[in-house]
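Structure assessment
If you want the building blocks of each chain, they are given just below.
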Amino acid sequence: MSNTPHDNLHARFQLAFSGFQLETDLQLPGSGVTALFGHSGSGKTTLLRCIAGLQRPDSGFLQVRGQVWQDSAQGVFLPTHQRPLGYVFQEASLFPHLSARKNMDYGRKRAVQAANDAELAAIVDMLGIGHLLDKIPAQLSGGERQRVGIARALALKPQVLLMDEPLAALDLKRKQEILPFLEHLHRELDIPILYVTHSPQEVTQLADHLVVLEAGRVVASGALAEVLTRLDSPMAQGKEASSVLQVKVWDHEPEFHLSHVGFAGGVISLPYQQATAVGTPLRLRIDARDVSLTLQQPAQTSILNVLPASITGMAQPVAGQVMVRLNLGGVPLLAHITQKSASVMGLRVGMAVFAQIKATAIV
Ligand SMILES: Nc1ncnc2c1ncn2[C@@H]1O[C@H](COP(=O)(O)OP(=O)(O)OP(=O)(O)O)[C@@H](O)[C@H]1O
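Worth saying up front: this structure is predicted, and the values here are computed from it rather than measured.

It is at 8 Å that the axes of helix H2 (residues 100-110) and helix H4 (residues 142-154) come closest, and there the two elements cross at 30 degrees. It follows that H2 is roughly parallel to H4 by the angle criterion. Of the two elements, H2 crosses H4, and the hand of that crossing is right-handed. Residue-level contacts link Ala-100, Asn-103 and Met-104 of H2 to Val-148, Ala-151 and Arg-152 of H4. Each residue belonging to the contact of H2 with H4 can be placed in one class, and the counts come to 4 nonpolar, 1 polar and 1 charged.

This brings us to the confidence of the model for the chain. Here the chain averages 90 in pLDDT, and 96% of its residues register 70 or above. Per-element averaging of pLDDT across the chain places helix H5 (residues 172-188) at the bottom with 78 and strand S18 (residues 321-328) at the top with 97.

Looking now at the packing of H4 against H5. Contact geometry of H4 with H5 gives a least axis separation of 9 Å together with a crossing angle of 20 degrees. Of the possible angle classes, the one that applies to H4 and H5 is roughly parallel. Handedness of the H4/H5 crossing: right-handed. Within the contact between the two elements, H4 uses Gly-143, Gln-146, Arg-147, Ile-150 and Leu-154 and H5 uses Arg-174, Ile-178, Phe-181, Leu-182 and Leu-185. Its residues assigned to classes, the contact of H4 with H5 shows 6 nonpolar, 2 polar and 2 charged.

Once the charged atoms of two side chains with opposite charge are near each other, the side chains can pair. Considering all chains together, one arrives at 10 salt bridges under this definition. Residue Asp-190 pairs with Arg-65 through a salt bridge whose shortest N-O separation is 3.5 Å. On the criterion of sequence distance, the pair formed by Asp-190 in the loop between H5 and strand S9 (192-197) and Arg-65 in the loop between strand S4 (59-64) and strand S5 (67-71) is long-range, its members being 125 residues apart. Using a relative accessible area of 52% as the deciding quantity, one classes Asp-190 as exposed. The exposure class of Arg-65 is partly exposed, given its relative accessible area of 22%. Taking the shortest distance from any N to any O, the salt bridge between Asp-117 and Arg-108 comes out at 3.3 Å. A network of salt bridges, in which partner residues are shared, links Asp-105, Arg-108 and Asp-117.

Analysis parameters
Residues numbered from 1 in each chain as written. Predicted model: local features only at pLDDT ≥ 70, side-chain atom pairs only at ≥ 80, totals over all residues. Heavy atoms only, no water. Axes fitted to C-alpha atoms, helices over the stretch in contact; angles between N-to-C directions. Helix = DSSP H or I, 4+ residues; strand = E, 2+ residues; numbered from the N terminus. Parallel < 35°, antiparallel > 145°, perpendicular 65-115°, else oblique. Left-handed = near helix turned anticlockwise from the far one by under 90°. Contact = heavy atoms within 4.5 Å. Nonpolar A, V, L, I, M, F, W, Y, C, P; charged D, E, K, R; others polar. pLDDT = per-residue confidence, 0-100. Salt bridge = Lys/Arg side-chain N within 4 Å of Asp/Glu carboxyl O. Buried < 20%, exposed > 50% of the residue type's maximum accessible area, 1.4 Å probe, protein only.

In structure tokens form, the structure reads like this:
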């Protein structure tokens, strides 16, 4: 028996290839983006393939929003074509001779469940592809093809959307173009999106929930802000270690080209967010390297953001460097400092400090 809440996704799989074992028992939220992060070969694609029914595990249980799709103990295994899911790969694999519109219709006509014309119009709108519908794939850029591929997946009214490195084949410019559409999807869709990526930037920009896989096992699974800042998480080890803060726009100071945002840990100043009204929620990524620590509140400093914090953990990812986990009014934040500074300041867990955050460092 499973005690999965009905709107969640519960995926428990055991599978052995020669030299690799997947063993997961994941309870994921029933909406929002769950990023699956892990080194090459950690089992991310295999996990998605198990969810899609493309890979049959030795034993498995899968329940998606109250529906059991698979239960090896009961001999239940829905084949892929009976699972209401969308799968988006690195490359959109559209039919080359069909227009974008016909590519979307092709899947719709054959599906058990598909979007009606009004729903399809909303999907087209959400992905900004209305002007591309009569073009064939060769007339589209890589990013546009990917957007059509996502629309085609959504046209099947999936209960879950699986995305396997959907931006990996695109150059930086195309990535930047498509990310706002993915953010839009995230806000509009009320289904779970499982998103495989190697990119910490995509994780911090899109994910609500983060699962870290290592050698086929889940080493961390939880809310993004929490897992990102766990000192034992691989994401908190490297140069790209960062934290995410959910904040609200407080007010603007256009004469200084600044905006001020608030969260439980205080108020932060950042470059002017001209287009955002007071009260708008924002997500800030703060690189651990852009946070420094001081024991006393500095009287005069060019750094605008000095927030009281307490140290909740310390780790040494590499010799000479220390990653400090801070608590700012209940919100975790990482600071990456030198071992010498940590030693000179006598930093230890439980100490009260001030976190200095460079305003320009905030995205
Ligand atoms: N059909 C298969 N038969 C045997 N071994 C397989 C099979 N599919 C995957 N593997 C192995 O399982 C392991 C996990 O592969 P998987 O593709 O899931 O990793 P990944 O985390 O998605 O990697 P990447 O980030 O490189 O895409 C690898 O060691 C791979 O070689």
